Amino acid sequence: MPWHYLADRLPDCGGGFNGTITKRLLRAMKLTIFFIAVAIFSAHAEGTAQNITLSGKDLPLKQVFSAIEKQTGYVIFNNKRDLDETKTVTITANDLPLKDVLDLILKDQPLEYSIRGKTIVLSRKVPIIDPDLPEARVPVTGTVVDAKGNPLENVSIVIKGKNKVGTTTNSSGEFRIEANQGDVLVFSIIGYLEQEVTVEKNTSLSIALNPIDAKLEEVVVIGYGTQKRRDLTGAVVTVKPDQITARPGPNPMESLQGRVAGLDITRSSGQPGAPLTIQLRGNRSFTASGTPLFIINGLPGDYTTLNPYDIESIEVLKDASSTAVYGSAGSNGVIIITTKSGKAGKLAIDFNTYYGNNGWSVTPKMRTGEDYLQTKRDAYSYVWDAANSQWTTTGALWQSPADDEKIFGTQRYALYQQGQFADWAKLFLQKSAHTQNYSLGVSGGTEKTKGYISFNYTNEKGQYVGDDYKLFSTTMRIDHKVRNFVSVGANLTASYVDRNKAQDKLENALVTDPLVKPYNDDGTLNTNLGNNVYNLLLNQQYGVYGNVDNNLKLYLNPYIEIRPLKGLSYLSRLSTFLTFNNTYRFDGIGSVSYTYANANIAKAQVDQNRAIGYQWENIVTYNFKVKRDHAFTVTGITTWYHNQNTNTTMNQSNIVSNNFKWYKFTGDANTTSTSSYTMSKTLGFIGRLNYAYLGKYLFSATIRRDGSSVLYRDNRWDNFPAVSAGWRISDESFMEGTKSWLNSLKVRVGWGVTGTAKIDPYSSVANLESNTMSLGGVTVPIYRNSQYLTNPDLGWEKSYNTNLGMDASFLNNRIDMSLDLYNTKTKGVIYGVTAPIIYGQYTSSQQYKTNINVCETQNRGIELALNTRNIVTNDFNWTSAIAFSYNKEKILALTGGVANNIANGDNNQYSLTIGQPVNSFRNFRLDGIWQLGQEKDAAAFGKRPGDIHVDVPGMTRLAEGVYSKSDATGAINYYYTDLAAAQKFNGALTAAKNTYSVSANDYQIVGHNNPSWTMGFQNSFSYRNWELSVYSYFRWGQTISYNMMGWYQPSGFATNASPSRTIPKYFNYWTPNNPSNDFPVMNYLEGPGTLTGFSGLNYVDGSFFKIKNITLGYNMPRELIKKLSLEKFRVYGTITNPLVVTKSPLLKQYDPEMNGSLEYPLTKQIVVGLNMTF
Amino acid sequence: MKIKNIKGLIYKSLFGLTIALSVASCKLDEYNPISLSEQDVLSKFDGWKAYQSNCYTGLWGTLISMPYGLCSEVGTDLWTFPSNSTTYKEIIGYQDLTVSFNLVGNVWNYAWGSIKDCNKTIQLAPNLKDGKASDIATLVAETKLLRAYYYSVLVTQFGELPLITTDDPTKNLSPTRNSVPEIYTQIISDLREAFNNLPVTPLDNNLQRVTKKAALGLLARVYAQGAGEGLSEGGKSYWVRAKECADSLINNMGTYGAALYPDFANVFASANNRNNQEVLFTAYGLDPYSPSYDVSTANSKPNLYLHYYPKFDDAFGTADVFKRSVNSNTSNAYYGRLNQAFVAPTKYLINCFNATYDKRWENTFQTAFTNYSGVQAIASNGSGVPSPANVKYTDATVTLTAAMCTKYGINPAFAGKKIYPYADVNAKNASKNATWQYIPQIWPRGVYTGAISSLVTVANANVHPYPLDPTEDRFFAYLSKDPLTAADKATRAYVTVNIDDLFDPSDPTGSTYKANAAGNGLTPSSLAMLFPAMQKFNHNFDGGWLGGNFQQKLGNIMIMRMAEVYLIAAEATMHTSGDGAAAANYLNVLRKRACRNPGDFNVGTGMQLSTATMNDVFDEYARELCGEFTRWALLKRNKAFESRLQTYNKRAAANFNPAKNYVRPIPFSFLNQINNATDFGTNGY
């Protein structure tokens, strides 16, 4: 197709184009690959006549122009809105020259025209100021406020029909305009319904604008661009700044818990600065991390140190059609964080602060005093009489209280009599852990240069003495328009974390012998608490201990954006980062490690991690319209990423004085150091097309080609396509009838492919590792193969996602709903298959592995976000928000063979089992405890009443004490202790007994660690200046491995138990007189090694409901604010985690969000805060 | 906007885009400065030798520590559960032994672990670009010996196995098993080649590296074990081969650098641990004073010794006669942390020893228990003395009270009498992680000065005088092998228990210790927790402790020693000619050096045998090698589990199932990693 032809045919691209479809533009476009798309949609005009024949009454101007175009072949340029404001025309033209026709129809219109070549350009008439009537103009003043009475800035005010006359409101919502009486003033601003006011005698106006469906108009940040929500075709959720700062804390993501349907956020440790677990729409990968990709201001960054008050918005991209532009990194979803930027105009100063307390953790109440005594007696009161298959007190070591001393041992009995019970939770955890934050943001600028700068300081203290998290951070952003078409800018984020970490061993301490003195009689600390039991108070002595993180992070993102033509922009941006994460650890003389683990040797370690990297991206975006109803956005991107990590670890032992800490490494035989290095690179090419027809038929297509260095050289590249479409049904004419109750309705459908290849660098090539070993008492060099055996075929793990969505709002936008259904199949899941031991052992505890793409997983789910405005009155408002998500996760295929139930996870705590979620627990499924009366049944398993009753899959109970089960070959085996009873079922049996030994073969799936569903539920109330919000959260269906359950070790109550232990008070254990089904027999001879099925005790339903936080706020009345020349002044108080309700009765005094751990309990938090804007 | 500007801008932006696009894919190569390519390193001798060294890793750890230590010994006529214990009932009592039993899994993993490295070392040898031919031959021979040893452990414990002798880049995830004869053929072939090519003195004089005598000794052992499978070679039964190899080594001891100590006490003497003359094949322990300590590649340091010791805390408490806990990791610097009393001797094993003449009794079992002082440690470290050694002489001295006498049934007349420590430990800080060494010396009897100058050094600080004199005042408790009468006990100012009284009389086979229960006849009842403590792996010398962890010891552990060769010779003699006199000649060599007095070696004392039966061979194995990784294999090759367990270990016999217990279960974790688990089978479990 000849280019000049196209040039002549190019349609209107929106206003302000001067109408000249120039060769210049063409030349530019010629060089872009996107032009073809334009060509396809460009119309081929017919006819060349210069005269028009046309007649009609009250014809819309639009229709007239259509006819003109048809008859003349001319193309008409105009602004759509301009035509909307025109009147209808009545015309009778018979072969009239074009010019005459135009003059005729535009006579009383606010438009004028010009003809250039074969194009008619329509533009608004320059208003003619009538010099004859200047005295009629009067100044009109007033203020514009929103529904709540807050002043609205930047509201545009124009006089209707005189478009060039207008003004905007200032930051106090005030305006001043000269107008004539009878003029109609039009007030408009994005997000509010336009309002018209006729100027009357009263020239002081007070205008309140009503919000329109703001959500639809809001600009949503998507991958490499922005879109209006109304045009979205993917599943994207936006989180607003007020939600981000709702829960005071340094980590902005923590507030998002339960707010975004499909995004599961948990925190398992109450330690300040502890990381969060973030998972979007279930687990897809086995080995790769499930954490979403975080993009800050367009580029990868660190969210944990980002000041929540700097955040303008957080967008969560959930489906593949939205994330496929991130290609190989997009599988786990993408979270885009945009920080605030400066605004032209008045300087704004934002100051936020809060102060409060962390603490009030609930920990299980342990057995002490009388309870402890009773348990000890129970442990010694019964003896199993095997000959008679019964528990008896005959021969038991405890017969009466006279035997107490015997079962305690002399020394411990003396302590018992003194009532020396230690409450470790109370001793170790302090209540007065303050938390404070100060954040100052300053923004401002001119039309050309805008700047934003903020400083933030957080100091959060932990519950252990010496545990704290101090964060200093700053964000600086500057955007400068060099020319109208060139902008440059940069964003700098810097943070410094100084974190002191206590040795957290609370779980260990809780179950420790309570019958000890934390302090010796002379006031010194007692170090002899039993084996592996640490007196953490040792570390609270001055100067003996240190474990400090010093992390410095610098992100510098400069950019240049060039907009050579309307609609076309070229953005090149570079993200550089430099992080220094250093950990200094000192276990000095007298510290916990010195005393217990390091055999009285003082040690120090310095661990330094340096990461440096950059990402360079080039983005070309072109927006244009074809035939005015076809809107296109085409985007082309290249992205290059390179990072390098260096680690150095230095160790020093035999430190002679605590004075030296980690500052005086001696460089002799007591010093060792190691270093390591990794790097990776990725390169991606992306093309995207967005198309909208009439704003109601929406379509988007993306393709990304990605390459990564961690994959084998022949297999580095792959493609990640995605398409999606949306239909705004409510914009259709046939929906007119529903307007009264249905404000908007859109359906979306998307499909796409995303990837992950988060495998370790160097794991796709075979290498030798150099090491040394001790051979015959001397050091000799050794070589061994690196752990990962090469798999040349390893490729990307790919997720195929289909998403169906519906957005709707009802009843005057009172109800706003978003519903998504998705199905993600992940194929070629990378799994580090363990090479069976017959092929060698890598190190003493690890086998060789090969990464292969053989597994397959599926995640299907429903997400519902519902926002309702329940009561809206002038004084009182009540709104609710619900975010519900349900996800069903399944492993569809494993290594391709029959292997199943493969241990996985950090401590092999999970099992990969076909048909089950990725993080499933597989262990003994317990059927309670064998009870008195079940002696014969129990005996078939070699068990007694009081032992754990393991549910054995495939086992059939034939009669009392007789069971059968088929083995792998299909043969039926009988299990019994009474031959005669068994012979009733199989006369051929001869062995006197055959008992069944429960083993790992009898493991079953006992639950999964991911929730079945989660729901966040927020209710907000406001009354005049007061506001109250209550935020609650459900997480349901997850099983947790609660370590505390595993501390039920009766042998820990033995006289010389090594070490002595106690258990939570609420643990209801079995004794011959207490037929509990919760815990097996309390007998000092029993422990994890003797109680078959013991490991099954740990698994508990971890479902919970919690009130996450309650906030009460007060906004200072506007009049008062004004007097103080403030923009905003709000004080608030927040209480976090006030209530936790668990489903399982086995979880008492425990917050299951900790996911089974109890080393650092989650805290409750009470803070008061202040938000102030000048 | 001027045309020129736009042009320029477009060109500039396109230039940028072009650069971005031109970043070629080849730039995605990894830069890896932390590892080396196999091809460069392993084609050269030095690299290959370093690769070969790693083949020894499998020796140190599980195979000399508790997992194989117990799997190779318990479940036999020698060992049973201590009082009240059921720990490791899976192998001690064949109860609930399933595919998930961890110790069997450990043995499987560690025996297999180094075979791949052996295969690859052997495979690469012909392609080396440099290196002395003789060194290469030696190293290949060492490697073959190691491979043969690992396979011998596997085939003994597990029977049929996949026989993998090459390192194939493709790992077959559906492995199949080879027959037992095929595996033995391979082992014998490897050992023969090793024997032919190994030197008599180890390469680099490194005492870990194996030599000719190891190959010959293992040949004798493997032939004997294979003989139990009914194998023969060249028309000759493996028993014949076993005897040939044993005889060859016995007759040419000097030629092969092998030796037998003239006195059994020398075998486990502290001074002889590192360079033991009698050892044929050793697992050389870590040297805590050497930087090599910190580069151990083993999975764990051996903790075998403490499983054979009672928990004194449970028997005595720590409030009266016994001063420092052994249950604690930071307490007792003489015994260590004895918190794992899993294995006790059967009455049969105890009765094997005629302690009157046979010094192997007190050189194998500790039956007198003591406190220790840290006078040396305090002197050499001052206030920096580590707390386990911070024990003044007086603090280690017990004064008997009337209450103690009542509690333990000691003659109340001895109230006020003192019991002094027997040992005194020094404390030396070894390199870095190895931390403290607690080196003991002995307080001579009758010297109560507590002065360092009076301390004496003995051959083995764990060996106490036998029999314990009634007037002995350095031990607070004594388990008497010879039953003491009440009157005799009344002469002793310490706790005395007759070993016979520890056994439950309802079990005539002597495999059941009394429970710690009211009315068990012991005073107090908690003394039921005691049993004779097998001390062979309790190395108390300078360099023998892992100081930070009282559960582990660093001494060398003998995988095979010369005495076993005599026993194999005797055993093979019984299986071939059945000549009892000839067999007795082999056994007499061991019996003679075991005599407490040389004059005791005669037929009258029973120390000299004129003719031997197979039972004598079993008994001699028990006396000489109990605990030393042999008993289970011995019973297996003689198909003796059924008969001997029935007679000597009722508790094990109760669950022993000959149809499956002759081999161990194939571990679940392995079966779960292959694709043909059902076909591979569990060995009947």
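Conventions and cut-offs
- Residues numbered from 1 in each chain as written.
- Chains lettered and ligands numbered in written order.
- Predicted model: local features only at pLDDT ≥ 70, side-chain atom pairs only at ≥ 80, totals over all residues.
- Heavy atoms only, no water.
- Helix = DSSP H or I, 4+ residues; strand = E, 2+ residues; numbered from the N terminus.
- Rg over C-alpha atoms; globule rule 2.2 N^0.38 Å.
- Buried < 20%, exposed > 50% of the residue type's maximum accessible area, 1.4 Å probe, protein only.
- Polar contact = N/O pair within 3.5 Å; in protein donor to acceptor, adjacent residues only side chain to side chain.
- Contact = heavy atoms within 4.5 Å.
- Buried area = accessible area lost by both parts, 1.4 Å probe.
- Salt bridge = Lys/Arg side-chain N within 4 Å of Asp/Glu carboxyl O.
- Axes fitted to C-alpha atoms, helices over the stretch in contact; angles between N-to-C directions.
- Parallel < 35°, antiparallel > 145°, perpendicular 65-115°, else oblique.
- Left-handed = near helix turned anticlockwise from the far one by under 90°.
- Nonpolar A, V, L, I, M, F, W, Y, C, P; charged D, E, K, R; others polar.
- Pairing = 2+ DSSP bridges.

1. Some thoughts on the overall build of chain B
Here comes step 1: Counting secondary structure elements, chain B contains 28 helices and 18 strands.
Here comes step 2: Taking 685 residues into account, the globule formula puts the C-alpha radius of gyration at 26 Å, and chain B, at 29 Å, falls close to it.
Here comes step 3: The dimensions of chain B, computed from C-alpha atoms along their principal axes, are 120 × 80 × 45 Å.
Here comes step 4: For chain B, the proportion of its 685 residues judged to be buried stands at 66%.

2. Let's talk about the side chain of Thr 353 of chain A
Residues and elements named next belong to chain A.
Here comes step 1: With respect to the element layout, Thr 353 can be found in strand β22 (residues 345–359).
Here comes step 2: At a separation of 2.7 Å, a polar atom in the side chain of Thr 353 contacts the main-chain carbonyl oxygen of Asn 437.
Here comes step 3: Leave out the neighbours within four places in its chain, and Thr 353 touches Asn 437, Tyr 438, Tyr 1132, Val 1168, Gly 1169 and Leu 1170.

3. Here we look at the interface of chain A and chain B
Here comes step 1: On the chain B side, the residues contacting the 105 residues of chain A number 107 residues.
Here comes step 2: Regarding the contact of chain A and chain B, the summed buried area is about 8,700 Å², with carbon and sulfur atoms giving 59% of it.
Here comes step 3: Per-residue buried area on chain A facing chain B is highest for Tyr 783, Ile 838 and Tyr 839 of chain A; these three make up 9% of the total on that side.
Here comes step 4: Linking chain A to chain B there are one salt bridge.
Here comes step 5: Salt-bridge contacts for Asp 29 of chain B lead to Arg 716 of chain A; the nearest nitrogen and oxygen are separated by 2.8 Å.
Here comes step 6: The interface formed by chain A and chain B includes 26 residue pairs in polar contact (both at pLDDT 80 or more).

4. A closer look at the pattern of salt bridges
Here comes step 1: Enumeration according to the criterion identifies 74 salt bridges over all chains in this entry.
Here comes step 2: Here Arg 748 of chain A and Asp 820 of chain A are joined by a salt bridge, their closest N and O atoms 3.0 Å apart. Taken together, the positions of Arg 748 of chain A in strand β36 (residues 742–756) and Asp 820 of chain A in strand β41 (residues 815–834) put the pair 72 residues apart, joining distant regions of the chain.
Here comes step 3: The buried category is assigned to Arg 748 of chain A, whose relative accessible area is 4%.
Here comes step 4: On the basis of relative accessible area, Asp 820 of chain A is assigned to the buried category, the value being 4%.
Here comes step 5: Among the salt bridges present, the one from Asp 488 of chain B reaches Arg 492 of chain B, with a minimum N-O distance of 3.3 Å.
Here comes step 6: Each of Glu 278, Asp 358, Arg 360, Lys 536, Arg 561, Arg 591, Arg 593, Glu 620, Arg 623, Glu 624 and Glu 628 of chain B takes part in a single network of salt bridges with overlapping partners.

5. Let's talk about the packing of helix α3 (residues 45–53) of chain B against helix α8 (residues 133–158) of chain B
Residues and elements named next belong to chain B.
Here comes step 1: Close contact between α3 and α8 brings their axes to 11 Å; oriented N to C, the two are set at 20 degrees. Here α3 lies roughly parallel to α8, going by the angle between them. For the pair α3 and α8, the crossing hand works out as left-handed. Every residue of α8 that contacts α3 at Phe 45, Trp 48, Lys 49 and Gln 52 is listed here: Asp 135, Ile 136, Leu 139, Val 140, Glu 142 and Thr 143.
Here comes step 2: Tallied by class, residues from the contact of α3 with α8 come to five nonpolar, two polar and three charged.

6. Structural notes on the sheet that holds strand β16 (residues 495–498) of chain B
Residue and element names in this part refer to chain B.
Here comes step 1: Taken in spatial order, the three strands line up as β7-β15-β16 in an open sheet, and their pairing is mixed. In the strand order of this sheet, the two ends are held by β7 (368–369) and β16, each with one partner.
Here comes step 2: In terms of strand pairing, β7 meets strand β15 (residues 477–480) through two bridges, oriented antiparallel. Looking across to β15, one finds that Ala 368 is bridged to Tyr 478.

Just geometry here; none of it tells us what the structure is for.
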